[in-house]
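# Commentary on secondary and tertiary structure
In case you want the letters, here they are:
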Amino acid sequence: MRVGFIGLGVMGGPMALRLAAAGTPLVVWNRTPHRTEPLRAAGAEIAGDAAEVFARAEVVLLMLADGPAVDTVLGRGTPELAARVAGRTVVHMGTTSPEYSAALETDIHAAGGRYVEAPVSGSRVPAEQGQLVAMLAGETAAVETVRPLLAPMCRETFGCGAAPGALLMKLSVNLFLITLVTGLAEAFHFAERQGLDPRLFLDVLDAGPMASPVSRMKAPKLRERDFAVQAAALDVLKNNRLVAEAARTARLASPLLDVCRALFEETVRQGHGAEDMIAVLRAIEARTESAA
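Residues numbered from 1 in each chain as written. Predicted model: local features only at pLDDT ≥ 70, side-chain atom pairs only at ≥ 80, totals over all residues. Heavy atoms only, no water.

Each helix and strand in the protein chain was counted, giving 14 helices and nine strands. For 292 residues, the compact-globule estimate of 2.2 N^0.38 gives 19 Å, and the C-alpha radius of gyration of the protein chain, at 20 Å, lies within 12% of that figure. Principal-axis analysis of the C-alpha atoms gives the protein chain an extent of 60 × 45 × 35 Å. Total accessible area on the protein chain stands at roughly 13100 Å², and carbon and sulfur atoms take up 58% of it. Each charge class in the protein chain was averaged separately, 29 positive and 32 negative side chains, and the resulting centres sit 1 Å apart. (Helix = DSSP H or I, 4+ residues; strand = E, 2+ residues; numbered from the N terminus. Rg over C-alpha atoms; globule rule 2.2 N^0.38 Å. Areas by Shrake-Rupley, 256 points an atom, 1.4 Å probe, with all protein chains shown as cover. Lys, Arg positive; Asp, Glu negative; His and termini not counted. Charge placed at Lys NZ, Arg CZ, Asp CG, Glu CD.)

Shown next as structure tokens:
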């Protein structure tokens, strides 16, 4: 089965490379062509445009930034949608609102295609290592077609029922991730400003019950003030807003998330949106300085 992959950014690039390395017959396209070069070197076919990917692949994976990017690639709202998706399975791996995904599924089915939600949990390093966790939702037959194709990228996959169940699950996971990393950054700031040895603090944390793969990934970046992107602060803010909107729609309180949203908004406003999400430390530091 030839697989198409569109969207070769921070996450999509390493994900597609995992597929190519596993021998998956792959045809790829990206809006900025230079991002396709590592895939060409890995043996993937490079399409001239998005339409060519759909013409040559039976299953097309989309790892795109937002709904408008997905709509553009699909030709949604134009006759191109049916031309591209009819008889094919479209796999939406990015993070959008659940309402958007449900409407997208309806349109793809009406155009003669199949649809699977498959958002993933993990950042750039797990993507490079094939250690992502995928959440799948959609019709059972379509999900079972897609599940084995994700194996080179994901250490586990979980069925989440009908769409938009997978995106709701992803937003739930993201809520915990956002509050966890923000809490780690604030604790690091507190320890450092209290005159403690930051390395010792992180060693103590790592030896205790609060340690996790997330803390072990982010702690060295905090210690070295390494803000190179694994998951960009701007993307985290986007996800934060999606979770908050879903909470408001369901009339749910989200007090910790709302505080984190304010901090990430400040991080982005300060010009650090392209840095890793631990750059939220900068917003916490700025608040300390302004209170001094």
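Per the UniProt entry, the sites bearing "domain: 3-hydroxyisobutyrate dehydrogenase-like NAD-binding" (unreviewed entry) are residues 169-283 in this numbering. Taken end to end, residues 169-283 is 72% helix and 0% strand, and its two terminal C-alpha atoms sit 28 Å from one another. (UniProt positions renumbered as here; feature names shortened; annotations may be inferred.)

If you look at the biggest cluster of nonpolar residues, it comprises 31 residues, and the most contacted ones within it are Phe5, Met15, Leu26 and Met93. The element that contributes the greatest number of residues to this core is helix H1 (residues 12-21), accounting for four residues. The residues touching phenylalanine 5, leaving out its near neighbours within four places in the chain, are Gly12, Met15, Ala16, Leu19, Leu26, Val27, Val28, Trp29, Val53, Leu61, Met63 and Met153. Within the second largest apolar cluster, 28 residues are counted, among which are Val181, Leu202, Met277 and Leu281. (Core = buried A, V, L, I, M, F, W, Y, C linked by side-chain atoms within 4.5 Å. Buried < 20%, exposed > 50% of the residue type's maximum accessible area, 1.4 Å probe, protein only. Contact = heavy atoms within 4.5 Å.)

We now examine the pattern of salt bridges. In total, this model carries 22 salt bridges according to the counting rule given. Here arginine 2 makes a salt bridge to glutamate 45, at a shortest N to O gap of 3.1 Å. Taken together, the residues arginine 2 in the segment before strand E1 (3-6) and glutamate 45 in strand E3 (residues 45-46) connect sequence positions 43 residues apart. For glutamate 45, a relative accessible area of 27% translates into the label partly exposed. Of the charged contacts in the structure, one is a salt bridge between glutamate 45 and arginine 56, with a shortest N-O distance of 2.0 Å. Of the two residues, glutamate 45 is situated in strand E3 and arginine 56 in helix H3 (residues 50-56); the sequence distance between them amounts to 11 residues. Connected through shared salt-bridge partners, Arg2, Glu45, Glu52 and Arg56 make up one network. (Salt bridge = Lys/Arg side-chain N within 4 Å of Asp/Glu carboxyl O.)

Residues given the UniProt feature "active site" (unreviewed entry) here are Lys170. Of the residues examined, lysine 170 reaches a relative accessible area of 8% and is grouped as buried. Excluding residues that lie within four positions of it along the chain, lysine 170 makes contacts with Thr95, Pro119, Val120 and Met135. Within the local environment of lysine 170, its side chain forms a polar contact with the backbone oxygen of valine 120, the two atoms lying 3.0 Å apart. (Polar contact = N/O pair within 3.5 Å; in protein donor to acceptor, adjacent residues only side chain to side chain.)

Moving on, we come to the pairing of strand E4 (residues 59-62). Neither face of E4 is left uncovered, since the one carrying Val59 and Leu61 and the one carrying Val60 and Leu62 both have all their residues buried. Strand direction decides the pairing type here: E1 and E4, joined by four bridges, are parallel. Counted as the bridge partner of glycine 4 is valine 60 from E4. Taken together, the four bridges between E4 and strand E5 (residues 89-92) define a ladder with parallel strand orientation. Of the residues in E5, the one forming a bridge with leucine 62 is histidine 92. (Pairing = 2+ DSSP bridges.)

Here we come to unusual backbone geometry. Omega for the peptide link from alanine 163 to proline 164 comes to 10°, which places this bond in the cis form. Inspection of the secondary structure assignment puts proline 164 in the loop between strand E9 (154-159) and helix H9 (165-193). Positive phi, close to 60°, is recorded for arginine 251, a residue that is not glycine. Tracing the backbone shows arginine 251 in the loop between helix H12 (233-249) and helix H13 (255-269). Taking relative accessible area as the criterion, arginine 251 reaches 80% and is therefore assigned exposed.

As a further point, take the domain arrangement of the protein chain. For the protein chain, the domain assignment lists domain 1 (3-162) and domain 2 (168-291). A C-alpha centroid distance of 28 Å is found between domain 1 and domain 2. With 16 residues of domain 1 at the interface, the matching set in domain 2 holds 14 residues. For the pair domain 1 and domain 2, the summed buried surface comes to about 1200 Å²; carbon and sulfur atoms form 66% of the total. Connecting domain 1 to domain 2 are zero salt bridges. Linking domain 1 to domain 2 there are six residue pairs in polar contact (both at pLDDT 80 or more). Sorting the residues of the side of domain 1 that touches domain 2 by element identifies helix H6 (98-110), strand E7 (120-121) and helix H7 (124-129) as the ones contributing at least two each. For the side of domain 1 that touches domain 2, the leading source of residues is H7, giving three residues. Of the residues in the side of domain 1 that touches domain 2, the class split is nine nonpolar, five polar and two charged. (Domains from an automatic or database assignment. Buried area = accessible area lost by both parts, 1.4 Å probe. Nonpolar A, V, L, I, M, F, W, Y, C, P; charged D, E, K, R; others polar.)

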